[in-house]
Amino acid sequence: MNKIKYAPAALSLAALALTLAQPAQAVVPAAKIQAMLAKPPIMCGRFDQTKNLAGMKKPLASEGRFCVVAGKGVLWRTLKPFPSTLRLTRDEIVNYQGDRVAMRLDARTEPTVRVINNVLFSLLAGDLGQLDTLFDGEGSVDANSWNVSLKPRQAALEKAIGTIKLEGGSYVKSIVMNEAGGDRTTIVFSAIQTGEGAMSKEEAALF
């Protein structure tokens, strides 16, 4: 089994390289959502990811930790069913197996990397302004929570990644991707911590 399959939405979002930004026509209450979202310099927490594959009864489940560091990138550490770490920055995606670099994609030679990373950062941070360039959306806001449904603006992108649903409050709580082929990926975030103490020394050393 390819361990990279347990990476977050980033891998499925590779098809974003196929699309170009289009004028926004969103009906997402982006300003209200942005006002609700906390924007800490460092944010870490737990993720639980379930991937339901079309034609398979048993879903693939994984769990681990993630950290979003403003201005630097995202660390995605799968702890179960096996350890694996992805570090995503504006310039590259690096996959670690233990201390060994198993894969490195450079944005200078792989322009898709930059697009993937920008979208992933936006998803985790609820940065709807960035997502609005690629997706049509609709959503609602109440006193303490919000939800957004996003549909790719171009048919090729929709065929590749399907639709995305986000739910959150002060932080993004969950991301659900319904792919056109019938696969569905659900990522639930919990135990959110912020500030310098949120990230371990081991995690900080990877940036």
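Scroll up a little and you will see the structure.
Described below are features of the structure shown in this document.

The rules behind each value
- Residues numbered from 1 in each chain as written.
- Predicted model: local features only at pLDDT ≥ 70, side-chain atom pairs only at ≥ 80, totals over all residues.
- Heavy atoms only, no water.
- Pairing = 2+ DSSP bridges.
- Helix = DSSP H or I, 4+ residues; strand = E, 2+ residues; numbered from the N terminus.
- Axes fitted to C-alpha atoms, helices over the stretch in contact; angles between N-to-C directions.
- Phe/Tyr/Trp six-rings, centres within 6.5 Å; stacked < 30°, edge-to-face > 60°.
- Buried < 20%, exposed > 50% of the residue type's maximum accessible area, 1.4 Å probe, protein only.
- Core = buried A, V, L, I, M, F, W, Y, C linked by side-chain atoms within 4.5 Å.
- Contact = heavy atoms within 4.5 Å.
- Disulfide = S-S within 2.5 Å.
- Salt bridge = Lys/Arg side-chain N within 4 Å of Asp/Glu carboxyl O.

## Things to note about the sheet that holds strand 2 (residues 60-69)
Strand order across the open sheet formed by 11 strands is 6-5-4-3-2-1-11-10-9-8-7, with antiparallel pairing between neighbours. The sheet is open, and its two borders are formed by strand 6 (100-106) and strand 7 (135-141), each paired with just one other strand. Mean inter-strand twist for the sheet, computed between neighbouring axes without regard to direction, equals 15°. Bridge analysis of strand 3 (residues 73-80) against strand 4 (residues 84-89) gives 6 bridges, and the strand direction is antiparallel. Paired with Trp-76 across the two strands is Leu-86, which belongs to strand 4.

## Description of the packing of aromatic side chains
By the definition in use, this model includes 4 aromatic pairs. Judged by centre distance (4.0 Å) and plane angle (20°), the rings of Phe-47 and Trp-76 are stacked. Remark: Trp-76 occurs in strand 3 and Phe-47 occurs in strand 1 (residues 42-52); sequence separation between them is 29 residues. The same class applies to Phe-47 as to Trp-76, namely buried. An aromatic cluster of at least three residues, connected via ring pairs, comprises Phe-47, Phe-66, Trp-76 and Phe-189.

## Structural notes on the nonpolar core
Grouped together as the largest cluster of nonpolar side chains are 31 residues, with contacts concentrated most on Trp-76, Leu-124, Ile-164, Leu-166, Ile-175 and Phe-189. Examining the composition of this core, we find that 4 residues originate from one element, helix 2 (residues 111-125), more than from any other. Each residue touching Leu-124, except ones within four places of it in the same chain, is listed here: Met-43, Val-68, Val-74, Trp-76, Val-172, Ile-175 and Phe-189. Grouped together as the second largest cluster of nonpolar side chains are 7 residues, Cys-44, Cys-67, Leu-75 and Met-199 included.

## Structural notes on the state of the cysteines
Scanning the model with the defined rule gives 1 disulfide in all. The disulfide bridge from Cys-44 ends at Cys-67, spanning 2.1 Å between sulfur atoms. The chirality of the disulfide connecting Cys-44 with Cys-67 is right-handed, given an S-S dihedral of about 110°. Of this pair, Cys-44 sits in strand 1 while Cys-67 sits in strand 2, and the two are 23 residues apart along the sequence. Each member of the pair, Cys-44 together with Cys-67, is buried.

## Regarding the pairing of strand 4
Along a regular strand, successive side chains alternate from one face of the sheet to the other. With 6 of its 6 residues buried, strand 4 lies for the most part within the structure. The side-chain alternation of strand 4 yields two buried faces, one formed by Ser-84, Leu-86 and Leu-88 and the other by Thr-85, Arg-87 and Thr-89. Counting the residues in the hairpin turn of strand 3 and strand 4 gives 3 residues. In the sheet, strand 4 pairs with strand 5 (residues 92-97) via 4 bridges, with the strands oriented antiparallel. For Thr-85, the partnering residue across the bridge sits in strand 5 and is Tyr-96. Connecting strand 4 to the next strand, strand 5, in antiparallel fashion are 2 residues.

## With respect to the pattern of salt bridges
Where charged atoms from two side chains of opposite charge approach closely, those side chains can pair. Across all of its chains, the model carries 9 salt bridges by this definition. Taking the shortest distance from any N to any O, the salt bridge between Arg-46 and Glu-63 comes out at 3.5 Å. Of this pair, Arg-46 sits in strand 1 while Glu-63 sits in strand 2, placing them 17 residues apart in sequence. One connected set of salt bridges, linked through shared partners, spans Arg-65, Arg-77, Glu-202 and Glu-203.

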